[in-house]
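Structural description and commentary
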Amino acid sequence: DVKVTQSSRYLVKRTGEKVFLECVQDMDHENMFWYRQDPGLGLRLIYFSYDVKMKEKGDIPEGYSVSREKKERFSLILESASTNQTSMYLCASRKQGAWEQFFGPGTRLTVL
Amino acid sequence: ILNVEQSPQSLHVQEGDSTNFTCSFPSSNFYALHWYRWETAKSPEALFVMTLNGDEKKKGRISATLNTKEGYSYLYIKGSQPEDSATYLCALPNNAGNMLTFGGGTRLMVKP
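The structure reproduced in this document is the subject of the present report. (Residues numbered from 1 in each chain as written. Chains lettered and ligands numbered in written order. Predicted model: local features only at pLDDT ≥ 70, side-chain atom pairs only at ≥ 80, totals over all residues. Heavy atoms only, no water.)

Details of the overall build of chain A
Definition in use: Secondary structure counts use DSSP, requiring at least four H or I residues in a row for a helix and at least two E residues in a row for a strand, with both numbered from the N terminus. Both definitions apply: the radius of gyration is a C-alpha atom measure, and the globule rule equals 2.2 Å times residues to the power 0.38. A simple rule labels every residue: compare its accessible area, found with a 1.4 Å probe on the protein chains alone, to the largest value its type can have, and call it buried under 20%, exposed over 50%, or partly exposed in between. In what follows, a contact means two residues having at least one pair of non-hydrogen atoms within 4.5 Å.
Along its length, chain A carries 0 helices and 11 strands. Seen in sequence order, chain A has helices and strands lined up from the N terminus as β-β-β-β-β-β-β-β-β-β-β. In terms of overall size, chain A behaves like a compact globule, its C-alpha atoms giving a radius of gyration of 13 Å where 112 residues would be expected to give roughly 13 Å. Each principal axis of the C-alpha distribution contributes one length, and for chain A these read about 40 × 25 × 25 Å. Taken over 112 residues, chain A has a buried fraction of 48%. The long-range share in chain A, meaning contacts at least 24 apart out of those at least 6 apart in sequence, stands at 55%.

Written out as structure tokens, the structure reads:
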């Protein structure tokens, strides 16, 4: 069974803290994605990685950075968390050339 | 950024009702359309990918149609069941085919 896991289901942080969200996939997929989901806005792409150490900005990269040192792991970093980054964060992976993305269960982040 | 719109935003139906909702997108430069289902507390799961005008896909009681000339896709659920309660998302890839733009989703609630 294919699996994408995220390090936390719920996370509460304070404004200004550095936050790491981790995502691991066990399917040997080349592509990995970070999205955020806010009510009425669907999923919005933050960053995309098409291979190890390779990344591209999505639609809303401001305030975020990413790291992909190993194929199975894709990290989302909030350098200095702000209240407007309170959201549901979803990680996904996809085999290069395939259409289907496989999603993790999400991390609900609250920034106080 | 592609403009992908879904309507209605939410829908309440009784068990046994059939229902449908819409995904609208720009008809120019169409490449493919994806449908995902996202149940509460679970990960989004792929339903269909559609590429050709007039495409019709079916999975159990769920089916989808595609009209690329006028820029819309319909998702139909026949005889809704409580387990169909979920948010249904449509998404279109960019020209490179490597990133998806999602619509805002339709949240379906089926009352027993």
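Next comes the rest of the account.
Thoughts on the environment of L100 of chain B
Here L100 of chain B is to be found in strand β10 (residues 100-102). Residue L100 of chain B is classed as buried on the basis of its relative accessible area of 3%. Separated by 14 residues in the primary sequence, L100 of chain B and A86 of chain B have C-alpha atoms spaced 20 Å apart. Contact partners of L100 of chain B, with chain neighbours within four places excluded, come to Y35 and Q101 of chain A together with H34, Y36, A91, L92 and P93 of chain B.

Points about the sheet that holds strand β3 (residues 19-24) of chain B
All names here are of chain B. Note the following rule: At least two DSSP bridges between two strands are required for those strands to pair. Helix axes use the C-alpha atoms of the stretch in contact, all axes being lines fitted to C-alpha atoms, and the angles between their N-to-C directions lie in the range 0 to 180 degrees.
Here 5 strands make up an open sheet; going across it, the order is β1-β3-β8-β7-β6 and the pairing antiparallel. Strand pairing shows two members of the sheet lacking a second neighbour, β1 (5-7) and β6 (56-59), which therefore form its edges. The mean angle between the axes of side-by-side strands here comes to 15°, regardless of whether they run parallel or antiparallel.

Quick look at the state of the cysteines
Test applied: When two cysteine sulfur atoms lie within 2.5 Å, the pair is treated as a disulfide.
What the rule picks out here adds up to 2 disulfides over all chains. Note that C23 of chain A is cross-linked by a disulfide to C91 of chain A, the S-S spacing being 1.9 Å. One quick way to see it: the torsion about the S-S bond of C23 of chain A and C91 of chain A is about -75°, and its sign makes the bridge left-handed. Pair noted here: C23 of chain A is in strand β3 (residues 19-25) and C91 of chain A is in strand β9 (residues 87-94), with a separation of 68 residues, a long-range link. According to the relative accessible area criterion, C91 of chain A is buried, its value standing at 0%. Note on cysteine connectivity: C23 of chain B is disulfide-linked to C90 of chain B, with sulfurs 2.0 Å apart. One quick way to see it: the torsion about the S-S bond of C23 of chain B and C90 of chain B is about 75°, and its sign makes the bridge right-handed. With C23 of chain B in strand β3 and C90 of chain B in strand β9 (residues 86-93), this residue pair connects regions lying 67 residues apart in the sequence.

Focus: the packing of aromatic side chains
The relation between two aromatic rings is expressed through the spacing of the ring centres and the mutual angle of the planes. Just so we agree on the cut-off: Each Phe, Tyr or Trp ring, with Trp reduced to its six-membered ring, pairs with another whose centre is within 6.5 Å; inter-plane angles below 30 degrees give stacked pairs, above 60 give edge-to-face pairs, and intermediate values give tilted ones.
Across all of its chains, the model carries 14 aromatic pairs over all chains by this definition. Centroid distance Y35 of chain A to F103 of chain A: 5.8 Å. Interplanar angle 35°. Geometry classified as tilted. Here Y35 of chain A, found in strand β4 (residues 31-38), pairs with F103 of chain A, found in strand β10 (residues 102-103); they are 68 residues apart in sequence, far enough to count as distant. By the burial criterion, Y35 of chain A is buried, and F103 of chain A matches it. Plain terms: the ring middles of F21 of chain B and Y88 of chain B are 5.3 Å apart, the flat faces sit at 45° to each other, and that makes the pair tilted. Remark: Y88 of chain B occurs in strand β9 and F21 of chain B occurs in strand β3; sequence separation between them is 67 residues. The two residues F21 of chain B and Y88 of chain B agree in class, both being buried. A connected cluster of aromatic rings, assembled from ring pairs, spans F33, Y35, F48, Y50, W99 and F103 of chain A together with Y36 and F102 of chain B.

Here's the deal with the sheet that holds strand β1 (residues 4-6) of chain A
Residues and elements named next belong to chain A. The antiparallel open sheet is built from 4 strands, whose spatial order is β1-β3-β8-β7. In this open sheet, the two strands that pair with only one neighbour each are β1 and β7 (65-70). When the angles between neighbouring strand axes are averaged without regard to direction, this sheet yields 20°. Bridge analysis of β1 against β3 gives 3 bridges, and the strand direction is antiparallel. Across the sheet, T5 pairs through a bridge with V24, a residue of β3.

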